[in-house]
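A look at the structure
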Amino acid sequence: MFEVIYYVMLVVSLSVFFYGLWQKWKFINMGLKGEARTSKPLERLWFVVRDGLLLVRLYLRESKMGLSHFLFLWGVVVILVNILIFTISFAIPDLFRATYPWLKASMTAAGVMILLGLAIAAVNRYVIKPSRFAKKFEFAWDDNPVLAIFILAALFGFLLKEFVRFSELNSTALPYVLWFLHTALILGFIALIPYTKLLHIIAAPINIFTRSERKPGVMREPLGEDYTGAITPLDLTRRDLLASLACMRCGRCQDICPAANSGTTLNPMFLMQNIRRLEKVLLGKSKGNGSEEGSEQEVQNPEDILLVETVLDEEAVWACTTCRACMEMCPVYVEQMEIIGEMRRGLIESGETPPDVRDFLQNIQKQKNPWGEGKFKRDQWIKKSEIEIPAVKENPEFEWLWFVGCAHSFDNRNIPVARKLARLLNDLEINYAVLGREEGCCGNDVRRVGEEGLFQVLMEENMQTFEKYGVERLFATSPHCYNTFKNEYGGYEVKFILEILYDAIKSGKLELKYPINKRVTFHDPCYLGRYNGMYDLPREILKAIPGIELVEMPRNRERSFCCGAGGGNLVREYPGEDRPNNIRAREAASTNAEILAVACPFCMIMLEDGVKAEKLDDRIQVLDVIELVYESVYGKEE
Ligand code: SF4
Ligand code: SF4
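What you see is a predicted model; the values in this text were computed from it and never measured. (Residues numbered from 1 in each chain as written. Chains lettered and ligands numbered in written order. Predicted model: local features only at pLDDT ≥ 70, side-chain atom pairs only at ≥ 80, totals over all residues. Heavy atoms only, no water.)

Along the chain, the position of Trp 400 falls in strand β1 (residues 400–403). Looking at Trp 400, the relative accessible area reads 8%, which means it is buried. Separated by 54 residues in the primary sequence, Trp 400 and Leu 454 have C-alpha atoms spaced 26 Å apart. Those residues in contact with Trp 400 that sit more than four places away from it in its chain are Ile 430, Asn 431, Tyr 432, Ala 433, Arg 473, Leu 474, Phe 475, Glu 493, Lys 495 and Ile 500. (Helix = DSSP H or I, 4+ residues; strand = E, 2+ residues; numbered from the N terminus. Buried < 20%, exposed > 50% of the residue type's maximum accessible area, 1.4 Å probe, protein only. Contact = heavy atoms within 4.5 Å.)

Summed over all chains, the structure comprises 20 aromatic pairs. On the basis of an interplanar angle of 75 degrees and a centroid distance of 4.7 Å, the ring pair of Phe 485 and Tyr 489 is categorised as edge-to-face. Of this pair, Phe 485 and Tyr 489 are both found in helix α23 (residues 479–489), four residues apart, which corresponds to roughly one turn of the helix. When sorted by exposure, Phe 485 lands in the same class as Tyr 489, which is buried. (Phe/Tyr/Trp six-rings, centres within 6.5 Å; stacked < 30°, edge-to-face > 60°.)

Partitioning the chain into domains gives domain 1 (38–209), domain 2 (369–505) and domain 3 (510–634). Every contact between the two is made by 34 residues of domain 2 and, on the other side, 36 residues of domain 3. Both sides together, the interface formed by domain 2 and domain 3 hides about 3200 Å², and carbon and sulfur atoms give 73% of it. Among the residues domain 2 hides against domain 3, the three largest losses belong to Arg 413, Leu 498 and Ile 505. Together they make up 20% of the total. Close ionic contact of Glu 627 with Lys 420 constitutes a salt bridge, the shortest N to O distance being 3.9 Å. At the level of elements, α19 (406–410), α20 (415–427), α21 (444–449), α23 and α24 (497–507) are the ones that each hand at least two residues to the side of domain 2 that touches domain 3. It is α24 that contributes the most residues to the side of domain 2 that touches domain 3, seven residues altogether. Classifying every residue of the side of domain 2 that touches domain 3 by side-chain character gives 17 nonpolar, eight polar and nine charged. (Domains from an automatic or database assignment. Buried area = accessible area lost by both parts, 1.4 Å probe. Salt bridge = Lys/Arg side-chain N within 4 Å of Asp/Glu carboxyl O. Nonpolar A, V, L, I, M, F, W, Y, C, P; charged D, E, K, R; others polar.)

Okay, the pairing of strand β5 (residues 519–522) next. The pairing of β5 with strand β6 (residues 549–551) spans three bridges and is parallel. Considered in β6, the bridge of Arg 519 is made with Glu 549. The β-α-β motif built from β5, the intervening helix α25 (residues 536–544) and the parallel element β6 has right-handed crossover chirality. The sheet contact formed by β5 and strand β7 (residues 595–598) spans three bridges and is parallel. Bridge pairing in β7 links Phe 522 to Ala 597. (Pairing = 2+ DSSP bridges. Right-handed = clockwise from strand over helix to strand, strands pointing away.)

Further remarks concern the site of ligand 1. In the region of ligand 1, the neighbouring residues are Cys 257, Pro 258, Leu 266, Cys 320, Thr 321, Thr 322, Cys 323, Arg 324, Cys 326, Met 337 and Ile 340. In terms of residue class, the shell around ligand 1 is built from eight nonpolar, two polar and one charged. (Near = heavy atom within 4 Å.)

Among soluble globular proteins, nonpolar side chains are generally buried collectively. In terms of nonpolar packing, the biggest core is built from 186 residues, with Met 343, Trp 402, Tyr 432 and Phe 466 touching the most fellow members. Residue contacts for Met 343: discarding those within four places in its chain leaves Ala 230, Leu 271, Leu 307, Val 308, Val 311, Leu 312 and Val 317. (Core = buried A, V, L, I, M, F, W, Y, C linked by side-chain atoms within 4.5 Å.)

Mapped onto the elements, Arg 530 comes out in the loop between β5 and α25. Although Arg 530 lies buried, it forms no salt bridge, and the closest oppositely charged side chain, Glu 328, sits 5.9 Å away as judged by the N-O distance. Within the structure, the side chain of Arg 530 is placed 2.8 Å from the backbone oxygen of Cys 323, a separation counted as a polar contact. Setting aside chain neighbours within four positions, we find Arg 530 in contact with Pro 216, Cys 323, Arg 324, Ala 325, Glu 328, Pro 525, Tyr 535, Arg 557, Glu 558, Arg 559, Ser 560 and Cys 562. (Lys, Arg positive; Asp, Glu negative; His and termini not counted. Polar contact = N/O pair within 3.5 Å; in protein donor to acceptor, adjacent residues only side chain to side chain.)

Pairing is parallel in the open sheet, where four strands are placed in the order β6-β5-β7-β8. Two strands close off the open sheet at either side, each with one partner strand: β6 and β8 (621–624). For this sheet, the mean angle separating the axes of adjacent strands, direction not counted, is 35 degrees. Contacts from α25 reach β5, β6 and β7 within the one sheet, and its direction differs from that of β5 by about 170 degrees. (Axes fitted to C-alpha atoms, helices over the stretch in contact; angles between N-to-C directions.)

On inspection of all chains with the given rule, the structure shows 48 salt bridges. The closest approach of N and O atoms between Glu 35 and Arg 214, which form a salt bridge, is 2.8 Å. Within this pair, whereas Glu 35 is found in the loop between α1 (2–28) and α2 (41–53), its partner Arg 214 is found in the loop between α8 (200–209) and α9 (238–246), the two being separated by 179 residues in sequence. Residue class for Glu 35 comes out partly exposed when judged on its relative accessible area of 28%. Measuring nitrogen to oxygen at the nearest pair gives 2.9 Å for the salt bridge that ties Arg 413 to Glu 608. One end of the pair, Arg 413, is in the loop between α19 and α20; the other, Glu 608, is in helix α27 (residues 601–613), and 195 residues separate them in sequence. Because the salt bridges share partners, they merge into one network encompassing Glu 35, Arg 37, Arg 214, Arg 220, Arg 239, Asp 240, Glu 335 and Glu 338.

Further remarks concern the site of ligand 2. In the vicinity of ligand 2, the contacting residues are Cys 247, Met 248, Arg 249, Cys 250, Gly 251, Arg 252, Cys 253, Met 269, Cys 330, Pro 331, Val 334 and Gln 336. Residues that form the shell around ligand 2 fall into these classes: eight nonpolar, two polar and two charged.

What follows deals with the packing of α1 against helix α7 (residues 174–192). Direction vectors running N to C along α1 and α7 enclose 20 degrees, while the axes themselves pass 8 Å from each other. Here α1 is positioned roughly parallel relative to α7, judged by the angle of their axes. Seen along the crossing, α1 lies across α7 with a hand that is right-handed. Along the contact surface, α1 presents Phe 2, Ile 5, Tyr 6, Met 9, Leu 10, Ser 13, Leu 14, Val 16 and Phe 17, while α7 presents Tyr 176, Trp 179, Phe 180, Thr 183, Ala 184, Leu 187, Ile 190 and Ala 191. (Parallel < 35°, antiparallel > 145°, perpendicular 65-115°, else oblique. Left-handed = near helix turned anticlockwise from the far one by under 90°.)

Fine structural detail should not be taken from predicted coordinates in areas where pLDDT scores are low. Mean pLDDT over the chain works out to 93, with 97% of the residues at or above the 70 mark. Between residues 289–294, whose pLDDT stays under 50, and residues either more than four places distant or in other chains, the model counts seven contacts. (pLDDT = per-residue confidence, 0-100.)

Let us now look at the packing of α2 against α8. Taken N-terminus to C-terminus, the directions of α2 and α8 make an angle of 140 degrees; their axes are 8 Å apart at the nearest point. With respect to α8, the element α2 is oriented oblique. Both α2 and α8 take part in a crossing whose hand is right-handed. Facing α2, whose interface residues are Pro 41, Arg 44, Leu 45, Phe 47, Val 48, Asp 51 and Gly 52, α8 presents Pro 205, Ile 208 and Phe 209.

Pairing in this open sheet of four strands is parallel, and the strands run β2-β1-β3-β4 from one edge to the other. For this open sheet the edge positions go to β2 (432–433) and β4 (493–496), each flanked by a neighbour on one side alone. Along the sheet, α23 makes contact with β1, β3 (473–476) and β4, crossing β4 at roughly 160 degrees.

Below you can see the structure in the form of structure tokens.
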């Protein structure tokens, strides 16, 4: 009798489960093929073991949740194995008889592991309440039911075990009721997997297996010549659709996102959840006006649906600072930022560019800088400088091209930094030259805004200029230029300026003799840190300056909070109620540091602005690491 009930329940559960999986499979296959993601399968498998089974990536981001998930995951695995053995044992009773004591012990251990894992998760969610849970996705209905199913299943399992231990099995119907409830809940859990966030149990390992091999600094290449970015759901890749199923709504990306923290409509977690909700549309099950299946209205054609307004609104698409923090924090390698990048490409291709973004692009196209300053003014900072700064024509035998960049050429706060650097370079006898008026925009942020065509033009122009002067090695003073030259141009030896200064300090050529007796905190620029992994080097330079006490902000290195300038936002009026630079200025001041050190001209502009806006300028000063090195080498300028 029990066997029959059990098999019926099992068949129902597995049928519902596999039907759901089949629907998800069809959903994923509606996407475009995208870049190849199956090369080096052994290495990929290692990542699945490390981050999918041992949960190392999650543990490194939040140790207590890493532990909670580890206990839970392995508890569930043990139970599933036991269910399999149990199912076979009904048909062949003697096959596993000798192992029953072990199986019983393993079930108890699994129950304890699951309850412990759930207890940690529940305390975290309902008592500690980390900020990542602050914004809830409105269509998320399954958080509490999923938790309740597990707690009840484990509870009934324990009660059943204790009852059987202390009572006569046939004396009452209670053990049978407990058995039924326990089994129904576990099989119900299996059936629910494809329809709830539990699907990440299956989708996340596949998402981890298909992680991109591109370096963080390289954007996705457009998918062929006809590809015009992500405009409708059919322009998303299979991996993007899969990633929406792997997202477990943990909130880590929304918690670190500067746009979400600033109160804009951008939320990378909502983006992924909204993509997941496209399933009905893509499978032809959704009717017009959001009405449900079965109504009289026409089935919505996916080609008629625009991603903008469906998964993100327009404000959100442009609010992304391309800081990469969402991707860095995601335990399962979702590529939220790259999807936004494709949506930007789509908007640009459709001619739906907002006026301020259009101005930014036109300024760069015409004048080769984001502010639209005349391009003939690019070398004025050199002409007005008392320090000799050789141009390529004056020093044709140069070893290094110094690519100065737009901000150090045009921005009043950054020009003095460039002049100080020139003096340092001259005294170090580095054989360099600059392009002066012939320097263009590197195109890093143009590409991140989604204007691929203009990026290609800028890259070609720059490479022609480099060829004209025989450039083989170059160093950049902006992490944005550094990123694109190093990762996207190819064919040159590229350094960031701090690497050159650090080498000079290490070799003793640059003597840091004047102490700076100040408390300093360092803000990691996104394009240096998350994009290129350069976290230690600026800190090593600061530590080498006598007198400096280096203190860290609560969010540093991989978790650094963006200043808000990237992705074209440097010259835009940022839409949020609170701006990322103001938030970061407050965070820096909270360390009681007297100096906020930066290593990017965009961060300099944004954070100085933030410090002033927050009226913190009498407490904390924003200085470039180059300025601190200069002060330690030559003494403080009066
Ligand atoms: S890249 Fe930065 S700003 Fe853009 S969605 Fe991710 S965290 Fe938010
Ligand atoms: S996209 Fe990644 S980090 Fe964001 S909520 Fe989903 S799983 Fe968490």
